Amino acid sequence: MALLPRTRLRFLGRGGLLLVGLAVAVPALILVLLGIGLTLRVAREVRSESARYNAYVADNVTEAFEHELLDQVRDAISPAEEVARAGGTADDIRRALASRAQRFEAPHFVPVDDLTGYSLVTVDLQLLVYGGDPTGAREHPFAAVLLRGPTGEIVGAGGWWFNPRSFIAEHLSNVVQSQLVSNPRLYGGISGTRNLAVQVFDANGNEVARMREPGHTVTSRTAPLSGPFETFRVRVTPTRDAPVVITDRIMLVELAFIVLLAAALLAATVVGLRHVRRQIQLVQTQASFMANVTHELKTPIAVIRLAVETLEMGRFRTEEERDKYLRTITKEATRLSQLVDNVLDFSRMESGARTLRFAAVDLRDVVESSMESFRLRLEDEGFRWQVQLPDDLPPARADATAIQHCLLNLLDNAVKYSRQRKELRVGAGLRDGMVTLWVADRGIGIDSANQKRIFEKFIRVETGLVHDVKGAGLGLSLVDQIIRAHHGRVEVESQPGEGSMFTLLLPPWDAASGSPPAEARSAQGS
Ligand code: ADP
């Protein structure tokens, strides 16, 4: 095996990675907060602008109604005006008023002496007289203009009783669309009302008239009407396609996108950094793996060389001593060959080049032959062992050599990771329809946090106890890969300080299918 070139590996530590993460996350977070802040600010501005505009329009609707009323009165008053100017009597004036009463309820003339009790407003520099019926006979108000006699003196107010409710309903759209928009005296005119819904309510809150559907009530504004319409109030609300509604909608979408973007960015940073960390760990473990393997190879070679030299030079005193050296050579050669097998097998499994030849395998034979080849080592290390094989066991669908390799790895670990209590139990059996092979020891055990990790390649539990023992962290990963390629699984039960039990579960050979021994390319995780 080629030795690794001596390169010094420099990696970002936890702190470095955290710094990289912060370097990405902090500006991203600031950007997100800025985005949210700006979006909210723009939306708030648009809202308050909309609310201001709605209040302004609502205020002006009041005046626009009075204007419309005055226009209507002026439009119909000319016959009565002529009669008054010609010096006609009150009755003549009433008749002239009656001739143009179609738009109103009834004509009415108030002589100048009776005008007290009526109100007077200036609308667009003209006077509008209005008020309720002092006799109480009429339910609705009166709207009129002052009439002048032949010498220009005021003779009274001529006008009509009218129904404000139906007047509002009839004239609302005109009031909003022409009076309000086109009248430059109303604060220079209102540029456009096409995105506004205007509703008028009576004193009981019932809707009297509406123009367009209201969309967004958040910025709607209400104002009381005045003059002859004082018991009503107007509400101005943006329609569904008003800029404020669109802005609000866009704001929500924008906020959702910003939050999504932030989440995606953070997730990408976290996942990316985790990935980098894993890769760094992998490279580090690979580096320590190479160091371990090199050491693992050197140690048995050195021991074998020493033993062979001793034997060659005849530097042994007794036959037993010679046998001891020979046994050492066998033991170390076995260890060496198992390590080489593991490394080669591992790279074959990793590249998918290893072919498994499935056949009906009696796992009892696998146990017996493995124990046979392990006997010497167990005896040497002073182990007591027990083999438990049932009389009857269905064959497993397996590659016998690969399974034996797995079992030898488990036995090797059981021996390596046992301390004072050198006891081993090995057996085969049947569980949940799967054929099992198991190895139990009374060794150092594995804590639950590490029971999954030990099947990862190059992973060795980082405890002092394991550090004393040589290993490359490949055995269990290989076992796991081989058993998965068999469509089986590996289970471990272990208590630190009590011992461990590894069980291989393999599918039974399906005799009914009569299938010839199948071949399977090993694949990682298959
Ligand atoms: P290696 O033994 O070469 O380190 P393995 O892949 O065979 O590699 O085992 C991985 C790790 O699992 C070992 O380093 C050890 O920490 C733990 N382990 C495996 N088998 C046992 C066992 N029987 N008892 C205690 N720990 C074990």
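As shown above, the structure is provided for reference.
Throughout this description, residue numbers start from 1 for each chain and increase along the sequence as written. Whole-chain, interface and lining totals are the exception, using all residues; otherwise, since this is a predicted model, local features are given only for residues with pLDDT of at least 70 and side-chain atom pairs are given and counted only at 80 or more. Based on all heavy atoms of the structure, the side-chain values leave hydrogens and waters out of the count.

Summing up its helical and strand segments, the protein chain has nine helices and 18 strands in all. Only protein chains enter the area calculation, which uses a 1.4 Å probe; residues under 20% of their type maximum are buried, those over 50% are exposed, and those in between are partly exposed. Burial analysis of the protein chain (526 residues in total) assigns 43% to the buried set. Contacts are assigned to residue pairs with any non-hydrogen atoms lying within 4.5 Å of each other. Put simply, of all contacts in the protein chain between residues at least 6 apart along the chain, 70% involve residues at least 24 apart. To be clear on the numbers: accessible area is Shrake-Rupley with a 1.4 Å probe, and residue cover counts the displayed protein chains and nothing else. For the protein chain, the exposed area adds up to about 28,400 Å²; of that, 55% sits on carbon and sulfur atoms. By definition, any uninterrupted DSSP run of H or I lasting at least four residues is a helix, any uninterrupted run of E lasting at least two residues is a strand, and each is numbered from the N terminus.

Okay, the sheet that holds strand β9 (residues 233-238) next. Here, strands pair whenever DSSP counts at least two bridges between them. What the four strands build is an open sheet, ordered β7-β6-β9-β8; its pairing is antiparallel. Edge positions in the open sheet fall to β7 (207-211) and β8 (221-224), since each of these has one partner strand only. Neighbour-to-neighbour, the strand axes of this sheet turn through a mean angle of 20 degrees, independent of strand direction. In this structure, strand β6 (residues 196-201) lies alongside β7, joined through four bridges in antiparallel fashion. Bridge pairing in β7 places Gln199 opposite Arg210. Convention adopted: a line fitted to C-alpha atoms gives each axis, helices being fitted over their contacting stretch, and angles between N-to-C directions are expressed from 0 to 180 degrees.

Next up on the list: the pairing of strand β15 (residues 434-441). Across the eight residues that make up β15, a large majority, eight, are buried. Across the two faces of β15 the burial is the same, with Met434, Thr436, Trp438 and Ala440 and Val435, Leu437, Val439 and Asp441 all buried. With eight bridges joining them, strand β14 (residues 423-431) and β15 adopt antiparallel strand pairing. Counted as the bridge partner of Arg425 is Ala440 from β15. Across six bridges, the pairing between β15 and strand β17 (residues 499-506) is antiparallel.

In this section: the site of the ligand. If you check the shell around the ligand, you find 20 residues, and the closest are Asn413, Tyr417, Asp441, Arg460 and Leu476. Between the ligand and Leu476 there is a distance of 2.8 Å, counted from an oxygen atom to a backbone nitrogen or oxygen. Isolated, the ligand exposes 530 Å² of accessible area, and the fraction of that covered by the protein chains is 98%. Mapped by element, the contributors of at least two residues to the shell around the ligand are α7 (400-416), α9 (475-485) and β17. The residue classification treats Ala, Val, Leu, Ile, Met, Phe, Trp, Tyr, Cys and Pro as nonpolar and Asp, Glu, Lys and Arg as charged. All others, Gly included, are polar. Broken down by class, the residue content of the shell around the ligand amounts to eleven nonpolar, six polar and three charged. Note on terminology: near, applied to a residue and a molecule or strand, indicates that one of the residue's heavy atoms is within 4 Å of it. Counted as a polar contact is a pair of N or O atoms within 3.5 Å, where, for protein atoms, one must be capable of donating a hydrogen and the other of accepting one, and residues adjacent in sequence contribute only when both atoms are in side chains.

With that settled, the discussion passes to the packing of aromatic side chains. Two aromatic rings are characterised by how far apart their centres lie and by the angle between their planes. For this analysis, a ring pair means two rings from Phe, Tyr or Trp (six-membered ring only for Trp) whose centres lie within 6.5 Å, classed as stacked if their planes differ by under 30 degrees, edge-to-face if by over 60, and tilted for the remaining angles. Counted by the stated rule, this structure contains eight aromatic pairs. Relative to Phe229, the ring of Phe65 lies with its centre 5.4 Å away and its plane at 45 degrees, an arrangement referred to as tilted. Residue Phe65 is found in helix α1 (residues 14-85), and its partner Phe229 is found in the loop between β8 and β9; the two are separated by 164 residues along the sequence. Classification of Phe229 as buried rests on a relative accessible area of 0%. Ring centres of Phe142 and Trp161 lie 5.3 Å apart, and the angle between their planes is 50 degrees; this geometry places the pair in the tilted category. In this pair, Phe142 is assigned in strand β4 (residues 142-148) and Trp161 in strand β5 (residues 154-161), connecting sequence segments 19 residues apart. Summarising the burial analysis for this pair, Phe142 and Trp161 share the class buried. One aromatic cluster is present, formed by Phe65, Phe162, Phe167 and Phe229 through successive ring pairs. In this arrangement the basic side chain of Lys324 is found over the ring face of Tyr325, its NZ or CZ atom lying 6.0 Å from the centre. Placement of a charge over a ring requires the Lys NZ or Arg CZ to be within 6 Å of the ring centre, with the centre-to-atom vector within 35 degrees of the ring normal. Sitting over the face of the ring of Phe358, Arg397 holds its NZ or CZ atom 4.2 Å from the ring centroid.

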